[in-house]
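Residue-level listing of the chains:
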Amino acid sequence: MLYRRLLPPLAALIAAGVGLAVGGDALPLSQVMHALANPHARDVAHTILWQLRLPRVLCAALVGAALALAGVQLQGMLRNPLVDPYLIGTSAGAAVAIAVALAFGIALSFLPALGFLGGLGASLLVAALARRGGGIDATRLILAGVAISALLAASVALLSVLARSVSFQLTLQAWLVGSLAGRGWSDLRFAVPYAVVGAIVAIGNIRALDALRIGDVRARGIGLDIERAQWSILGSATLLTAAAVSLAGMVGFVGLIVPHLARRIVGSDARALLPASAFLGAAMAIAADAIARSIIAPRELPLGIVLAFAGIPIFIIIYLRREQRR
Amino acid sequence: MIRARGVTLQRGGRRVLAGIDFDLRPGEFVALLGPNGVGKTTLLRACAGFDVPAAGSIDLDGTPIHRLAVAQRARHIAMLSSDELLADELRVRDVVAIGRFPHRPWWRFSATEEDERAIATAVAATHIEEYLDRIFTHLSSGEQQRVWIAMALAQGAPLLLLDEPTTHLDVRVAHNVLALLRERTKTGTSVLCVLHDINEAAAVADRIALLGCGRMLALAPPAEVLASPLLDEAYGIAMHRARTEDGRTIVVPAPSHPE
């Protein structure tokens, strides 16, 4: 069992190594290590690594880990394996904020912050609609999330039709498919605090997620404050998703698939599942971003597209195998 | 330990039970009987502190139950509901271990010696040693019920509330489950248990609480309740009484006559 728990961090480490080595100019691993070990050197490899690759790899790691952590918590809370972090409206809210910002010609450097606020706002709206008594009703949460997301997506489409500007369309498109192109240290500095707070709350949620595995009513019977747990999980998932969206736009599938892969590897015990999901999510996003950067270099593919092409087959295979086993 | 006075309970905004008074003593087994929809589960939920009575009070050793903090309540009261399915692939061992939840602060992720001891005792009492490593959902209903009871015992609460623990179980397995609960009362655990089979309840309980017509019609030893016409009134059908060879009374519905 222990070696299985070591697999996800190992995968993340390997992905990070590959992510630092590949790109427009491939760097041999020895050069990567040398540049990492000597942060004050002044050669080209050093500049590529410290100014371009390392922040990109860290951004991808944060996006993947945050989405996976958000997804695994929401799936656990709703006991629904098809729940995705975007279900709670975060991505659609961020997209609207970005679209409005672009339509009004607001500087690109403000976009992550606006995306974050838009995502947070939409999630709060969904949560408010899903309230029942002191807690959250699972069905209402899913319905409210789908409804609000659809409305916001329509608003984005409307703005896109009205704007008719090519640069607007291109920037918006990059946000909608999810991309890390051009992201660097400053973007990372913006997103990290929210992701860290979300992750700390997630650690606090581990105990509740374990109890929720036996069902809401029974979990209450063994002394879980369901309402508090639900808000705490929703809060953590919202912060994590908004941080990821502010960095990379709407990167799909990581939050949906990675928890399933992690469950296959380490089981459903939340103590093992949460860290495993975070590491696997990071590994998957770093690897996909490495492919996105290098496969048609010097041009780049959006991260979201690579993840969809890699992620959907994996998802289908998991589900087909599941059916066969039963 | 449980004292209910003048309790009125609502379900979906409608009053289902009113004027409920009862006491549950340490080591006592009380069976909760009554027709479908009369409010048995509602009363059980109120005793577990899940719902607050619309009027009156339910106290645990002198404190209103709904005032207790959730975790504190769970150290005193274990509530086993019957209606939820498990989607997750949990091993039996993990299910029982979850019972230790109220004894564990949020920063501690691993079991203490006390946890291990409580789990081992619960496992031994319910005789589930042989399937500890199996997947819970692969067990039969009777085995699953034993595991839930083991979880509730691991919780270490002196009061067990159970909602229809014998539904879906065959006669023998149901008998074993009830015998197991009965056994626990010898160590001072109190049991309040919703049952549907009147004779089953009479065989195992110290007292029967009979709910009907929006109130508690009777709270008395089984022999009295079974002999009483209140039973016919509660269920709205005529009952026949018969004596078994060992002198117990059993009841069966009288044959219905088409009008």
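Here's what I pulled together on the structure shown here.

**Quick notes on the overall build of chain B**
Thought 1: A count of helical and extended segments in chain B gives 9 helices and 12 strands.
Thought 2: Expressed along its principal axes, the backbone C-alpha trace of chain B runs to roughly 65 × 40 × 35 Å.
Thought 3: Buried positions account for 41% of the 259 residues belonging to chain B.
Thought 4: Counting only contacts in chain B whose residues sit at least 6 apart along the sequence, the fraction spanning at least 24 positions is 65%.

**Some details on the packing of helix α4 (residues 90-103) of chain A against helix α5 (residues 111-130) of chain A**
All names here are of chain A.
Thought 1: Axis separation between α4 and α5 bottoms out at 6 Å; the angle between their running directions is 135 degrees. Between α4 and α5, the angle is such that the two are oblique. Crossing hand, α4 versus α5: right-handed. Residues T90, S91, A92, G93, A94, V96, A97, I98 and A101 of α4 form the contact with α5, whose own contacting residues are L111, L114, G115, L117, G118, G119, G121, A122 and S123.

**Re unusual backbone geometry**
Thought 1: Unusually for a residue other than glycine, A:R79 sits at a positive phi of about 45 degrees.
Thought 2: On the secondary structure map, A:R79 appears in the loop between α3 (44-78) and α4.
Thought 3: Classification of A:R79 as partly exposed rests on a count of 18 C-beta atoms within 10 Å.
Thought 4: A positive phi is found at B:E164, a non-glycine position, where the angle reads about 50 degrees.
Thought 5: Summarising the element assignment, B:E164 is placed in the loop between β7 (159-163) and α6 (171-185).
Thought 6: C-beta crowding within 10 Å serves as the criterion here: with 21 such atoms nearby, B:E164 is assigned to the buried category.

**A closer look at the interface of chain B and chain A**
Thought 1: With 26 residues of chain B in contact, the opposing surface of chain A contributes 20 residues.
Thought 2: Secondary structure elements with two or more residues in the side of chain B that touches chain A: α2 (70-76), β6 (77-80) and α3 (92-98) of chain B.
Thought 3: Broken down by element, the residue count for the side of chain B that touches chain A peaks at 4 residues, all from α2(B).
Thought 4: Its residues assigned to classes, the side of chain B that touches chain A comprises 17 nonpolar, 3 polar and 6 charged.

**Quick word on helix α8 (residues 185-212) of chain A**
Thought 1: Spanning 28 residues, α8(A) covers 38 Å between terminal C-alpha atoms, matching the ideal 40 Å at 1.5 Å per step.
Thought 2: In the structure, α8(A) departs most strongly from a straight axis at A:N205, where the bend amounts to approximately 45 degrees.

Calculation criteria
Residues numbered from 1 in each chain as written. Chains lettered and ligands numbered in written order. Predicted model: local features only at pLDDT ≥ 70, side-chain atom pairs only at ≥ 80, totals over all residues. Helix = DSSP H or I, 4+ residues; strand = E, 2+ residues; numbered from the N terminus. Buried ≥ 20, exposed ≤ 12 C-beta atoms within 10 Å, placed from the backbone. Contact = placed C-beta atoms within 7 Å. Axes fitted to C-alpha atoms, helices over the stretch in contact; angles between N-to-C directions. Parallel < 35°, antiparallel > 145°, perpendicular 65-115°, else oblique. Left-handed = near helix turned anticlockwise from the far one by under 90°. Nonpolar A, V, L, I, M, F, W, Y, C, P; charged D, E, K, R; others polar. Expected span 1.5 Å × (residues − 1). Bend = angle between axes of the 7 residues up to and from the residue.

Remember, this is a structural readout, not a statement about activity or role.
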